[in-house]
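Coordinate analysis (summary)
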Amino acid sequence: MVEGPILRRAVEIAWAVYVATHDDADIADQRRCSLSRHLETRLRAGENNLEELVCSGLAYLSRLPADPW
């Protein structure tokens, strides 16, 4: 697993924006884990710009179904 400040920060920012704009999302939401995996894949592919990662994460989240729990 790729771990580092860029990944953590990108996940934090994207998730904060998503939670603020989606009433059905909360801290324990499974979509946060999916977001982290998606952004880790983007980092492995060479994308390392924080702003681009956040945008990619938000686009990814918009395509996911609502959390079934």
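Our subject in this report is the structure included herewith. Just so it is clear, the structure is predicted and the values come from calculations on it, not from any experiment.

**Points about the environment of Pro65**
In this structure, Pro65 sits in the segment after helix H3 (50–63). Since its relative accessible area comes to 62%, Pro65 is described here as exposed.

**A look at the pattern of salt bridges**
Counting across every chain of the model gives 5 salt bridges. A salt bridge links Glu12 to Arg9, with the nearest nitrogen and oxygen atoms 3.2 Å apart. With Glu12 and Arg9 both in helix H1 (residues 5–21), this residue pair falls 3 residues apart, about one helical turn. The salt bridge involving Arg44 is made with Glu40; its shortest N-O contact spans 3.0 Å.

**Points about the nonpolar core**
Core analysis: the biggest nonpolar cluster contains 13 residues, and Trp15, Leu35 and Leu39 have the highest contact counts within it. Sorting the residues of this core by element identifies H1, helix H2 (30–44) and H3 as the ones contributing at least two each. A total of 6 residues in this core trace back to one element, the largest contributor, which is H1. Setting aside its immediate chain neighbours within four residues, Trp15 contacts Ala25, Asp26, Asp29, Arg31, Arg32, Leu35 and Leu61.

Rules and cut-offs
- Residues numbered from 1 in each chain as written.
- Predicted model: local features only at pLDDT ≥ 70, side-chain atom pairs only at ≥ 80, totals over all residues.
- Heavy atoms only, no water.
- Helix = DSSP H or I, 4+ residues; strand = E, 2+ residues; numbered from the N terminus.
- Buried < 20%, exposed > 50% of the residue type's maximum accessible area, 1.4 Å probe, protein only.
- Salt bridge = Lys/Arg side-chain N within 4 Å of Asp/Glu carboxyl O.
- Core = buried A, V, L, I, M, F, W, Y, C linked by side-chain atoms within 4.5 Å.
- Contact = heavy atoms within 4.5 Å.

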